[in-house]
Amino acid sequence: MNTSKTLLLVDGSSYLYRAFHALPDLRNLLGEPTNAIKGVLSMLRRLQKDYAADYIACIFDPVGKTFRDDLYPEYKATRATMPEDLRCQIAPLFELIRADGWPLIVIDGVEADDVIGTLVVEAERHGVKSIVSTGDKDMAQLVNAHVTLVNTMNFETLDVAGVNNKFGVPPDRIVDYLSLIGDSVDNVPGVAKVGPKTAVKWLADYGSLDNIVAHAVDIKGVVGENLRAAVDWLPRARALVTIKTDVPLPFELDSLTRQPSDTDTLRRLFEHFNFRTWLSELETPSAPEASDAPAMPDSERAVCETLLTEAQLDHWIRKLEAAPIFAMGIETTEPTPMRAQIVCMSFAINGEAACLPLGHIYPGAPEHLNRDRALAKLKPVLENEAAKKVGQFLKFNLHVFANHGVALAGVDDDTSLQSYVIEAHQQHELGSLAARHLGLTTINYDTVVGKGATRIRFEQVTIERASEYVTEAADVSLRVHKMLAPQIAASAQLEFVYRRIEMPVARILYRMERTGVLIDRQALTVQSGELGKKMFDLEQRAYQEAGQPFNLGSPKQIGEILFQQKGLPILRKTPTGAPSTDEETLAQLALDHPIARAILDYRGMAKLKSTYTDKLPQMIDPRTGRVHTSYAQTTAVTGRLSCADPNLQNIPARTQEGRRIREAFIAPPGYVLISADYSQIELRIMAHLSDDAGLLTAFAHDLDIHTATAAEVFGMTLETVTADQRRMAKVINFGLIYGMSAFGLASQLNLERSAAQAYIDRYFMRYPGVANYMQRTREIARVQGYVETVFGRRLYLPEINSKNVQRRMGAERAAINAPMQGTAADLIKLAMIAVQDWLDAEGLGTRLIMQVHDELVLEVPDAEIDTLREQLPRLMCDVAALKVPLRIGVGMGSNWEAAH
């Protein structure tokens, strides 16, 4: 052994808990929890890719007591009992780790820290450098020129300088540092009221814990008294936090080499826990090779044909024309809908599939059909409404065919939308659908085109390999459709959501995306300059408050300035234990601390500049002069649409800068923009669902609901409600439908928690129907595992019966809110359909161009303004008959902001 060799050690126990609490409540098809298994194994696999090591091992704590429990019976006494959902994952995780080739170490009576400490000392004795992967700060005492710590949870690497920078003391003083501040995680007391700043100062002044104790009489004040009171305890504290480096090990260091993978065990466990991606990698470990064995057994594959001649294509066109329905798919030059060109097409009819190569350009590619000529032949069947077609994410196909002058019609079913309507909480890409509904593992796209630096464009994929991939996809799409269609047909409500909402909306979204929205490039350029100046001013203000320059884009440096140098209170921590500097934290700190306000405002300006004022001009399509956002139907479990490139939903409407960005969304000459949005829609839906007499009366009489609530909660007349009381009632109204607790309400209103609870109690006393609805909804969700919108959309809640209290409470809050959010999503989609159908029927030139939350934005010719302003409220209100009237706000202007 020599210094050219490396030992990689993983603190498995550290990552076990972090993975369990960081990942959602993942489960396999049998309902068994899998989040800890998936998290730990993912980290181990990532470490092996990131660090080339000669020796490796994963170390876990044993079950039962260790020498530290004998030294201090209260050691780790405050730790909660391991949750059963975590405990049951340990045995299969250990089996998987060993099967994946890792030496796994558990030594009775000795913690993982001590095994690791012993191993790094042994490695150094043999001239081997060590990398220790852990999230435990105690491990910093092991760092030296030969030992480095890495944390895969936050990408932190700690060498000697890194330890000094992070803790303020070198590695050889970490034990003294921990003895002084204690370790709350392990229930090791330190010196009362002594935190990191005091410990660092004392160690800087006196050099070591022993010298601090020797000068205890010289340290004044309460903290000096606390130190003197702890003098007898400190030796035991030091023994508890010191990692042992002399544990007798029942193996030699050179035995810790990676072992051959046990593929049979991996395959069995990957299948059992539904780790489909890993299973696919196991089946097709190298990529991309035309000779790779397909993941699907040959016996299960359709009869496939590659269409290289016009005669073959003509034969298949006749098959497609005769088929009651056929599956189709395309592969393209790029993922951008407005620019993508077809590389190859695929079709599937019962038991048969075909690949039509149209644009492969690799050296030696066989001659294949001209794309324009082939599409001209296919155009009649592609544009035939009676020729029924099914596929995946067919909105993208509509765009790509339009790029080639083909108006795709007859899109009868979309398997991604079928899946979304049946099981919105699941993944909807084809591989996941095949695994869940057919029990098949399909060819992974990355095995076809490669990953990272070796990735190739699809036109460079060999025709043989492309044909294997696309014909399987088309065949599987058809099979999945046949599995899902009967499930939807069996439920009138799901049939309504699918046929009357999702499928029509997909085509409307295609038209909206195709139209795009006109952008004022010059206005955004001016705004970018203004934001840049404001950012500079805020940066200088933050520097002045901090007394030094620092990187306002670095959470780590912000944390050091706020919490170490300025001594601001730590309100919350990240999953890795670092003080949080997220937006919510900064907003709370900003109430009392100007530096936090400057950082928060800077961060907001930087986001607007980078995301919108700088980026939007680059996204303008030079052919249309417009920005063409992409709407996604299958992302939000509530049924709401999301959008990207650009994300219109995240433009802040409450700040002056955000509103100015909306001013850059403009109408062309001779047009205006009209905005129509539902007023207080979720509160109206709450009134409908809860059947609460007070809410129904308020909305029936068209009262201002927040004023009405204030009058009820504060016990006064409508006329005497103040603006501040209305504001408080608004927070209560919206907070409670999102499941806000008394703690959250107190934080929002800057009240004592008891006062906030009193408001909540009074609210439910005045609106008992709301309280009954909430309780009833929780019970329904627990029994059936989902809740429904007014229109029957199912909103699944996988964690509603979780043993993890926080997750269960989160699911209960979602159960209450999801029917309101989901019904609002259904309403705006129905409104889109009603408006578009009316525009088409009337032959109007008005075009829908945006949908954001509860709002529709239309581009309206001047001659149609009066017609639209008159008809929009009727069209949008008539899509549903709730127990309360719907109200629509309509605005008009030359730009989006002016239309509000």
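For the structure itself, consult the block above.
So, a few notes on the structure that sits alongside this text. (Residues numbered from 1 in each chain as written. Predicted model: local features only at pLDDT ≥ 70, side-chain atom pairs only at ≥ 80, totals over all residues. Heavy atoms only, no water.)

### Comments concerning the overall build of the protein chain
Counted only if it meets this: Helical segments are the DSSP runs of H or I of at least four residues, strand segments are the runs of E of at least two, and each set is numbered from the N terminus. Each radius of gyration reported is based on C-alpha atoms, and the globular scaling rule is 2.2 Å times the count of residues to the power 0.38. Burial classification: accessible surface area is computed with a 1.4 Å probe over protein chains only, and a residue below 20% of its type maximum counts as buried, one above 50% as exposed, and the rest as partly exposed. When checking whether two residues touch, look at their non-hydrogen atoms; a contact exists if any pair is within 4.5 Å. The protein chains shown are the only cover counted for residues, whose accessible areas, like all others here, come from Shrake-Rupley with a 1.4 Å probe. We score Asp and Glu as negative and Lys and Arg as positive, and we do not count His or the chain ends. To locate a charge, take NZ of a lysine, CZ of an arginine, CG of an aspartate or CD of a glutamate.
Secondary structure assignment for the protein chain yields 35 helices and 23 strands. Taking 29 Å as the expected radius of gyration for a compact globule of 900 residues, we find that the protein chain reaches 32 Å, a close match to that expectation. C-alpha extents for the protein chain along the principal axes are approximately 90 × 80 × 55 Å. The buried share of the protein chain, taken over its 900 residues, is 52%. A separation threshold of at least 6 residues defines the contact pool for the protein chain, and within that pool the share at least 24 residues apart is 68%. A total of about 39,300 Å² of accessible surface is found on the protein chain, and carbon and sulfur atoms cover 51% of it. Side-chain charges in the protein chain split into 95 positive and 113 negative, and the spacing between the mean points of these groups amounts to 2 Å.

### Structural notes on the pairing of strand β12 (residues 411–414)
Basically, it comes down to this: In this description, strands pair whenever DSSP reports at least two bridges between them. The handedness rule is simple: strands pointing away from the viewer, and a clockwise path from the first strand over the helix to the second, make the crossover right-handed.
Pairing analysis gives three bridges linking strand β11 (residues 389–391) to β12, with the strands arranged parallel. Residue pairing across strands places Lys389 opposite Val411, the latter belonging to β12. With respect to chirality, the unit in which β11 leads through helix α16 (residues 394–403) into the neighbouring parallel β12 is right-handed.

### Comments concerning helix α4 (residues 84–99)
Heads up, the condition is: By this rule the span expected of a helix is its residue count minus one, scaled by 1.5 Å. Here the bend at each residue means the angle between axes fitted to two seven-residue stretches, the one ending at that residue and the one beginning there.
With 16 residues, α4 ought to run about 22 Å at 1.5 Å a step, and its terminal C-alpha atoms sit 24 Å apart, in line with that. At Ile90, α4 shows its largest kink, close to 35 degrees, and the proline Pro92 lies no more than four residues downstream. Along α4, the residues classified as buried are Asp85, Leu86, Gln89, Ile90, Pro92, Leu93, Phe94, Leu96, Ile97 and Ala99. Of the residues flanking the end of α4, it is Gly101, one or two places downstream, whose phi is positive at about 100 degrees.

### Things to note about the packing of α16 against helix α21 (residues 492–515)
Geometrically, a packed helix pair is captured by the angle between its two axes and the distance between the axes. Rules: Fitted lines through C-alpha atoms give the axes, limited to the stretch in contact for helices. The angle between two N-to-C directions lies from 0 to 180 degrees. Here roughly perpendicular refers to angles of 65 to 115 degrees, roughly parallel to angles under 35, roughly antiparallel to angles over 145, and oblique to all remaining angles. Helix crossings are classified by the rotation of the near helix relative to the far one: an anticlockwise turn of less than a right angle makes the crossing left-handed, while a clockwise turn makes it right-handed.
It is at 9 Å that the axes of α16 and α21 come closest, and there the two elements cross at 45 degrees. On the basis of their axis angle, the class for α16 and α21 is oblique. Read as a crossing pair, α16 and α21 show a hand that is right-handed. Seen from α16, the contacting residues are Lys395, Leu398, His399, Ala402 and Asn403; seen from α21, they are Ala506, Arg507, Leu509, Tyr510, Glu513 and Arg514.

### With respect to the packing of aromatic side chains
Operational definition: Between the rings of Phe, Tyr and Trp (Trp by its six-membered ring), a pair exists once the centres lie within 6.5 Å; its type follows the angle of the planes, with under 30 degrees stacked, over 60 edge-to-face, and the other angles tilted. The rule for a charge over a ring is simple: NZ of Lys or CZ of Arg within 6 Å of the ring centre, and within 35 degrees of the ring normal.
Counting across every chain of the model gives 18 aromatic pairs. With a centroid separation of 6.4 Å and 65 degrees between ring planes, the pair formed by Phe270 and Phe275 is classed as edge-to-face. Assigned by exposure class, Phe270 and Phe275 land together as buried. Linked through ring pairs, Phe270, Phe273, Phe275 and Trp278 together constitute an aromatic cluster. The side chain of Lys244 reaches across the aromatic face of Phe67, ending 5.4 Å from its centre. Cation over ring: Arg807 sits above Phe20, and NZ or CZ is 5.2 Å from the ring centre.

### Overview of the sheet that holds strand β5 (residues 147–151)
Within a sheet, neighbouring strands are paired by backbone hydrogen bonds and run either parallel or antiparallel to one another. If you walk across this open sheet you meet the six strands as β3-β2-β1-β4-β5-β6, and the pairing is mixed. Since the sheet does not close on itself, it has two edges, and those belong to β3 (104–105) and β6 (156–158), each with one partner. Pairing geometry for strand β1 (residues 6–11) and strand β2 (residues 55–59), over five bridges, is parallel. Bridging from a neighbouring strand, Val10 pairs with Cys58 of β2.

### Some details on unusual backbone geometry
A cis amide bond, omega 0 degrees, links Asp645 with the succeeding residue Pro646. Its place among the elements puts Pro646 in the loop between β16 (642–644) and α26 (656–663). Notably, Asn187 is not glycine yet its phi reads approximately 60 degrees, a positive angle. Looking at the secondary structure, you find Asn187 in the loop between α7 (174–181) and α8 (196–206). Despite not being glycine, Gln680 has its phi angle at roughly 45 degrees, a positive value. For Gln680, a relative accessible area of 21% translates into the label partly exposed.

### So, the side chain of Ser130
With respect to the element layout, Ser130 can be found in strand β4 (residues 129–133). Leaving out residues up to four positions away in the same chain, Ser130 has contacts with Leu7, Val120, Ala123, His146, Val147 and Thr148.

### Quick word on helix α32 (residues 753–766)
Put simply, the test is: Our arc is simply the arc of the directions from the helix axis toward the C-beta atoms.
Compared with the 20 Å implied by 1.5 Å per residue over 14 residues, the 20 Å span of α32 between its first and last C-alpha is a close match. Those residues of α32 lying buried are Ala756, Tyr759, Ile760 and Tyr763. The buried residues of α32 all sit within an arc of 95 degrees when viewed along its axis, so they share a single face. Across α32 from its buried face, at more than 90 degrees, point the exposed residues Ser754 and Met765. Buried residues along α32 sit in contact with α29 (705–714), α30 (723–737), α31 (742–749) and α33 (768–784).

### Quick notes on the pattern of salt bridges
Which entries qualify depends on this criterion: By definition, a salt bridge exists where a carboxyl oxygen of Asp or Glu is found within 4 Å of a side-chain nitrogen of Lys or Arg.
Taken as a whole, this structure holds 53 salt bridges when the rule is applied. Arg68 is paired through a salt bridge with Asp114; the nearest N and O atoms lie 2.7 Å apart. A residue pair is termed long-range when its members are at least 10 positions apart, and Arg68 in helix α3 (residues 67–71) and Asp114 in helix α5 (residues 112–125) qualify at 46 residues. The exposure classification of Arg68 matches that of Asp114, with both residues buried. Put simply, Lys76 and Glu111 hold a salt bridge, and the shortest N to O gap is 2.8 Å. Taken as a pair, Lys76 in the loop between α3 and α4 and Glu111 in the loop between β3 and α5 lie far apart in primary sequence, 35 residues in all. Counted as one network, the salt bridges with shared partners bring together Arg68, Lys76, Glu111 and Asp114.

### Points about the sheet that holds strand β17 (residues 665–666)
Read from one edge of the open sheet, three strands run β14-β13-β17, paired in antiparallel fashion. Every other strand in the sheet has two partners, leaving β14 (626–627) and β17 as the edge strands with one partner each. For strand β13 (residues 517–519) and β17, the ladder comprises two bridges, and the chain directions are antiparallel. Following the sheet pairing, Leu518 is matched in β17 by Ile666.

### A look at the environment of Arg782
Mapped onto the elements of the fold, Arg782 is located in helix α33. The exposure class assigned to Arg782 is partly exposed, which follows from its relative accessible area of 30%. In this structure the C-alpha to C-alpha distance between Arg782 and Ala811, which are 29 residues apart in sequence, comes to 9.6 Å. Those residues within four positions of Arg782 in sequence are excluded, and the remaining contacts are Gln775, Ile800, Asn801 and Glu812.

### Some remarks on the packing of α29 against α30
The criterion, for reference: Charged residues are taken to be Asp, Glu, Lys and Arg, nonpolar residues to be Ala, Val, Leu, Ile, Met, Phe, Trp, Tyr, Cys and Pro, and polar residues to be all remaining types, Gly included.
The contact between α29 and α30 brings their axes to 8 Å, and the two run at 95 degrees. Of the possible angle classes, the one that applies to α29 and α30 is roughly perpendicular. Taken together, the residues of α30 that come into contact with α29 (itself represented by Ile705, His706, Thr707, Thr709, Ala710 and Phe714) are Gln725, Arg726, Met728, Ala729, Lys730, Asn733 and Phe734. Residues of the contact of α29 with α30, tallied by class, amount to six nonpolar, five polar and two charged.

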